[in-house]
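# Secondary and tertiary structure notes
Residues per chain, in single letters:
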Amino acid sequence: MTDSSFDTFDHESHMRRAFELAREAVARGDRPFGSVLVRDDEIVVEASNRVVTEDDVRRHPELHLAYRARREFEPETRAETVMYTSTEPCPMCAGGLRYAGLGRIVYSVGGDEIAAFTGRETQVRAGEILEGVTDVVGPVLNDDGRAIHEEFDW
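Here we summarise the structure given alongside this text. Please read all numbers here as calculations on a predicted model, not as lab measurements.

For the rest of this paragraph, the subject is the overall build of the protein. A tally of helices and strands in the protein yields 8 helices and 5 strands. Listed by position from the N terminus, the elements making up the protein come as α-α-β-β-α-α-β-α-β-α-α-β-α. Scaling as 2.2 N^0.38, a compact globule of 154 residues should have a C-alpha radius of gyration of about 15 Å, and the protein matches this with 14 Å. The 154 residues of the protein split such that 47% are buried. Contacts in the protein between residues far apart in sequence, at least 24 positions, make up 63% of those at least 6 positions apart. Of the roughly 7600 Å² of accessible surface on the protein, 44% is carried by carbon and sulfur atoms. Each charge class in the protein was averaged separately, 18 positive and 31 negative side chains, and the resulting centres sit 6 Å apart.

Have a look at this one:
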């Protein structure tokens, strides 16, 4: 599959599912982050943030999906898979995603925007960490993604 094949995916539908997962995380007591893995334009795995409720810093949805992708899919399959995520992966998650070898990552809210919401400094961007490994695209449906963070009590 070529990167241009990903352009035919239903980006809006997949991102909206990531938003639903982010809202589910908030309702559960976690931070507003959700992600899905998509292959052949179908969601194959999904996750939401569980850092607080599972008391586990590794339970960022992007990192958890990178882990699952490595365990459940062959390298060729991972290269044909896109991650849609409500927010650009943080440096920790992007580091894990280097080893997943996904074809593309599509985010809604950028790391620079999250820094503004949380009052922290802008971190290294996912595109820098994943350069030459995985294509990083965004923002997609940025206003909708930002609304989730505006509603959250950062």
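Read on for the rest.
Of the voids in this model, the largest pocket is the one considered here, and its volume is about 470 Å³. Lining the largest pocket we find 25 residues, and of these Phe 33, His 60, Cys 90, Ile 114 and Gln 123 sit closest to its centre. Every element with two or more residues in the lining of the largest pocket is listed here: helix 3 (61-72), helix 5 (91-100) and helix 6 (111-118). Class assignment of the residues belonging to the lining of the largest pocket gives a composition of 13 nonpolar, 6 polar and 6 charged.

Ranked by size, the top nonpolar core spans 16 residues in total, and within it Leu 37, Leu 65, Met 83, Leu 97, Leu 102 and Leu 130 carry the most contacts. If you list the elements that add at least two residues to this core, you get strand 2 (42-48), helix 3, helix 5 and helix 7 (126-130). The residues touching Leu 37, leaving out its near neighbours within four places in the chain, are Glu 42, Ile 43, Val 44, Val 45, Leu 65, Ala 69, Phe 73, Thr 81, Val 82, Met 83 and Leu 102. Counting 14 residues, the second largest nonpolar core, distinct from the first, contains Phe 9, Phe 19, Ala 22 and Ile 148.

Here we take up the packing of helix 3 against helix 5. It is at 8 Å that the axes of helix 3 and helix 5 come closest, and there the two elements cross at 15°. Classified by the angle their axes make, helix 3 and helix 5 are roughly parallel. The handedness of the crossing between helix 3 and helix 5 is left-handed. Residues Glu 62, Leu 63, Ala 66 and Arg 70 of helix 3 form the contact with helix 5, whose participating residues are Met 92, Cys 93, Gly 96, Leu 97, Tyr 99 and Ala 100. Among the residues forming the contact of helix 3 with helix 5, the class breakdown is 7 nonpolar, 1 polar and 2 charged.

Attention now moves to the pattern of salt bridges. This structure, assessed with the given rule, holds 17 salt bridges. For the salt bridge of Arg 16 with Glu 12, the shortest nitrogen-to-oxygen distance reads 3.5 Å. One end of the pair is Arg 16 and the other is Glu 12, both in helix 2 (residues 11-28) and 4 residues apart, which spans about a single turn. Take Glu 12: its relative accessible area is 43%, and that puts it in the partly exposed class. The residue Asp 144 makes a salt bridge to Arg 16 at a minimum N-O spacing of 2.9 Å. A residue pair is termed long-range when its members are at least 10 positions apart, and Asp 144 in helix 8 (residues 142-151) and Arg 16 in helix 2 qualify at 128 residues.

Counting buried residues in strand 3 (residues 81-87) gives 7 out of 7 residues, a clear majority hidden from the surface. In the sheet, strand 1 (residues 34-39) pairs with strand 3 via 5 bridges, with the strands oriented antiparallel. In the sheet register, Leu 37 faces strand 3, and the bridge partner there is Met 83. One crossover worth recording links strand 3 to the parallel strand 4 (residues 104-109) by way of helix 5, and it is right-handed.

Criteria and cut-off values
- Residues numbered from 1 in each chain as written.
- Predicted model: local features only at pLDDT ≥ 70, side-chain atom pairs only at ≥ 80, totals over all residues.
- Heavy atoms only, no water.
- Helix = DSSP H or I, 4+ residues; strand = E, 2+ residues; numbered from the N terminus.
- Rg over C-alpha atoms; globule rule 2.2 N^0.38 Å.
- Buried < 20%, exposed > 50% of the residue type's maximum accessible area, 1.4 Å probe, protein only.
- Contact = heavy atoms within 4.5 Å.
- Areas by Shrake-Rupley, 256 points an atom, 1.4 Å probe, with all protein chains shown as cover.
- Lys, Arg positive; Asp, Glu negative; His and termini not counted.
- Charge placed at Lys NZ, Arg CZ, Asp CG, Glu CD.
- 1 Å grid on protein atoms, 1.4 Å probe; cavity = no way out; pocket = protein on both sides within 12 Å on 5 of 7 lines; lining within 4 Å.
- Points joined across faces, edges and corners; volume = space filled by probe spheres on them.
- Nonpolar A, V, L, I, M, F, W, Y, C, P; charged D, E, K, R; others polar.
- Core = buried A, V, L, I, M, F, W, Y, C linked by side-chain atoms within 4.5 Å.
- Axes fitted to C-alpha atoms, helices over the stretch in contact; angles between N-to-C directions.
- Parallel < 35°, antiparallel > 145°, perpendicular 65-115°, else oblique.
- Left-handed = near helix turned anticlockwise from the far one by under 90°.
- Salt bridge = Lys/Arg side-chain N within 4 Å of Asp/Glu carboxyl O.
- Pairing = 2+ DSSP bridges.
- Right-handed = clockwise from strand over helix to strand, strands pointing away.

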